[in-house]
Amino acid sequence: MPALLAAAWALLSAAFLALLLLHRAQARRPGVRTDVASAFFQDLIRYGKTKRGGGQQASWLRRLQVPKRWFTHFYVVSILWNGFLLLRLFQAEFLGASLPPWVQIFHGAFSTDLQKENTDSERFSALLVLLLLWLHSFQRLAECLYTSVFSNGVIHIVQYCFGIGYYIAVGSTVLCQVPTNVRNGEELSVQILWYHIVGIVMYIWASLHQHRCLVILANLRKSKSGKVLSLNHSIPFGDWFERVSCPHYFAELLIYISMAITFGFHNVTWWFVVMYVFFNQALAAVLCHEFYQEKFTSYPKHRKAFVPFIF
Ligand SMILES: NC(=O)c1ccc[n+]([C@@H]2O[C@H](COP(=O)([O-])OP(=O)(O)OC[C@H]3O[C@@H](n4cnc5c(N)ncnc54)[C@H](OP(=O)(O)O)[C@@H]3O)[C@@H](O)[C@H]2O)c1
């Protein structure tokens with residue numbers, strides 16, 4: 001059933017595209033926003049600084065919120081789950097161990113059986129992507145703990161549960177890109193190919209920019225000596241902020257594209273994951289861009305929301 005996995009990611013990206021289009025349609029007819037369904041919809045898609053209402057928000061909606069700083073939990077879950085998968089896959093590939101039986105059942109159901117001549121490069125690519133995903137979660141956890149300065153922003157409990165599920169699903173998807181033949185017990189012969197190098201270089205480049213942009217955001221709230229002075233939102237400048245409102249979201253997209261490259265460009269399931277990240281981050285970026293434009297009359301006019309020069 002490998003096609004089922006691709007279909008699930010395609011469906012998820014279609015859902016985020018639909019949310020984006022629905023939001024654009026509502027934004028063009030502001031009067032519509034006042035009914036309960038619209039308020040609930042806006043509450044579901046927004047988080048942090050773009051969440052509207054504060055004190056005026058219905059109390060039942062406020063009860064469904066958790067602190068945005070709990071983003072940290074996503075990366076703890078990801079490091080534990082994807083670290084576990086990485087370790088067990090490494091042992092299976094290089095030390096002749098087998099995957100745990102319950103992982104084998106899942107893997108057998110969703111992965112493909114390839115021709116012998118293709119399996120080694122596919123197996124190594126999947127191992128590399130799982131490593132990149134684990135390192136990315138590690139970087140994000142460190143940024144949540146030591147770089148970012150969080151305000152009292154909130155996220156919806158549905159977004160919180162979705163975030164936890166997402167990092168379990170995305171690592172499991174990488175595991176399922178390992179051909180079923182891995183369980184034959186043959187040791188992997190490592191083949192480093194040109195697209196592995198290109199993917200890794202792009203991953204490092206995008207991660208560096210993502211980190212720089214998160215440092216810029218954190219510095220908006222700090223003095224030169226590093227003391228936190230305020231928890232307000234102000235206009236960020238520098239690095240890719242000169243081109244877009246949410247360069248850290250754009251860098252996230254590039255990180256997932258770098259993984260598609262590491263897979264050798266042809267992994268359809270992973271391109272659907274990239275599509276999901278595109279629409280998910282596009283929605284968040286559009287909401288953030290609108291927030292900046294509404295709050296700051298002096299907001300740079302030439303800045304796009306998400307993708308430089310495009311939108
Ligand atoms: N792969 C995925 O599906 C996915 C989903 C979501 C996020 N992410 C990634 O996770 C990272 C963080 O995302 P995010 O949505 O939390 O980013 P964000 O809303 O921009 O927040 C990042 C940090 O900067 C602060 N901040 C934001 N705008 C600010 C401003 N104008 N002035 C001062 N401080 C500001 C935030 O504080 P507050 O506490 O005030 O918000 C928070 O501490 C991003 O790189 C994103 O790509 C990935």
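Residues numbered from 1 in each chain as written. Predicted model: local features only at pLDDT ≥ 70, side-chain atom pairs only at ≥ 80, totals over all residues.

What about the nonpolar core?
Line of reasoning, step 1. Ranked by internal contacts, the top residues of the largest apolar core, which has 57 residues, are Leu 130, Cys 246 and Ala 285.
Line of reasoning, step 2. Mapped onto this core, the elements with two or more residues apiece are α1 (2-28), α4 (71-94), α6 (116-147), α7 (157-175), α8 (194-219), α9 (247-262) and α10 (268-295).
Line of reasoning, step 3. In terms of residue count, the dominant contributor to this core is α10 (14 residues).
Line of reasoning, step 4. Among the domains, domain 1 (38-191) and domain 2 (192-311) are the pair contributing at least three residues each to this core.
Line of reasoning, step 5. If near-sequence neighbours (up to four positions away) are discounted, Leu 130 is found in contact with Asn 82, Leu 85, Leu 86, Leu 89, Gly 171 and Val 174. (Core = buried A, V, L, I, M, F, W, Y, C linked by C-beta atoms within 7 Å. Buried ≥ 20, exposed ≤ 12 C-beta atoms within 10 Å, placed from the backbone. Helix = DSSP H or I, 4+ residues; strand = E, 2+ residues; numbered from the N terminus. Domains from an automatic or database assignment. Contact = placed C-beta atoms within 7 Å.)

Examining the domain arrangement of the protein chain
When the parts of a complex come together, some accessible area is lost, and that lost area is often used as the size of the interface.
Line of reasoning, step 1. You can read the domains of the protein chain as domain 1 (38-191) and domain 2 (192-311).
Line of reasoning, step 2. Centre-to-centre, using C-alpha coordinates, domain 1 lies 19 Å away from domain 2.
Line of reasoning, step 3. The interface of domain 1 with domain 2 comprises 21 residues on the first partner and 27 residues on the second.
Line of reasoning, step 4. When contributions to the side of domain 1 that touches domain 2 are tallied by element, the ones reaching two or more residues are α6 and α7.
Line of reasoning, step 5. It is α6 that contributes the most residues to the side of domain 1 that touches domain 2, nine residues altogether.
Line of reasoning, step 6. Along the lines of polarity and charge, the residues of the side of domain 1 that touches domain 2 split into seven nonpolar, 11 polar and three charged. (Nonpolar A, V, L, I, M, F, W, Y, C, P; charged D, E, K, R; others polar.)

Notes on the packing of α4 against α7
Line of reasoning, step 1. α7 packs onto α4 with a crossing angle of 20° between their chain directions and a minimal axis gap of 8 Å. The orientation of α4 with respect to α7, classified from their angle, is roughly parallel. Viewed along their axes, α4 and α7 form a crossing whose handedness is right-handed. Contacts between α4 and α7 involve His 73, Phe 74, Val 77, Ser 78, Trp 81, Asn 82, Leu 85 and Leu 89 from the former and Gly 163, Ile 164, Tyr 167, Ile 168, Gly 171 and Leu 175 from the latter. (Axes fitted to C-alpha atoms, helices over the stretch in contact; angles between N-to-C directions. Parallel < 35°, antiparallel > 145°, perpendicular 65-115°, else oblique. Left-handed = near helix turned anticlockwise from the far one by under 90°.)

Focus: the site of the ligand
Line of reasoning, step 1. Neighbouring the ligand are 24 residues; Gly 48, Ser 148, Ser 151, His 248 and Glu 252 lie closest to it.
Line of reasoning, step 2. Mapped by element, the contributors of at least two residues to the shell around the ligand are α8, α9 and α10.
Line of reasoning, step 3. Top contributing element to the shell around the ligand by residue count: α10, with four residues.
Line of reasoning, step 4. In the shell around the ligand, the residues fall into 10 nonpolar, 10 polar and four charged. (Near = placed C-beta within 6 Å.)

Concerning unusual backbone geometry
Line of reasoning, step 1. Here the phi dihedral of Phe 265 falls at roughly 75°; this positive angle occurs in a residue that is not glycine.
Line of reasoning, step 2. With respect to the secondary-structure elements, Phe 265 resides in the loop between α9 and α10.
Line of reasoning, step 3. By the C-beta count within 10 Å, which is 12 here, Phe 265 ends up exposed.
Line of reasoning, step 4. Of note, the phi angle at Phe 309 is positive, near 70°, even though the residue is not glycine.

Here's the deal with the packing of α9 against α10
Line of reasoning, step 1. Contact geometry of α9 with α10 gives a least axis separation of 9 Å together with a crossing angle of 180°. Relative to α10, the element α9 is oriented roughly antiparallel. Here α9 contributes Tyr 249, Glu 252, Leu 253, Tyr 256, Ile 257, Met 259 and Ala 260 to the contact with α10, which in turn contributes Trp 270, Trp 271, Val 273, Val 274, Val 277, Phe 278, Gln 281, Ala 284 and Ala 285.
Line of reasoning, step 2. Classifying every residue of the contact of α9 with α10 by side-chain character gives 14 nonpolar, one polar and one charged.

Some points on α7
Line of reasoning, step 1. For α7, built from 19 residues, the straight-helix expectation of 27 Å at 1.5 Å per residue is met to within 8% by its first-to-last C-alpha distance of 28 Å.
Line of reasoning, step 2. Looking only at α7, the buried set comprises Gln 159, Tyr 160, Tyr 167, Val 170, Gly 171, Thr 173, Val 174 and Leu 175. (Expected span 1.5 Å × (residues − 1).)

Some words on the environment of His 136
Line of reasoning, step 1. Structurally, His 136 is set in helix α6.
Line of reasoning, step 2. Given 22 C-beta atoms within a 10 Å radius, His 136 is considered buried.
Line of reasoning, step 3. Separated by 61 residues in sequence, His 136 and Tyr 75 place their C-alpha atoms 8.9 Å apart.
Line of reasoning, step 4. When near neighbours in sequence (up to four residues on either side) are disregarded, His 136 contacts Ser 207 and Ile 255.

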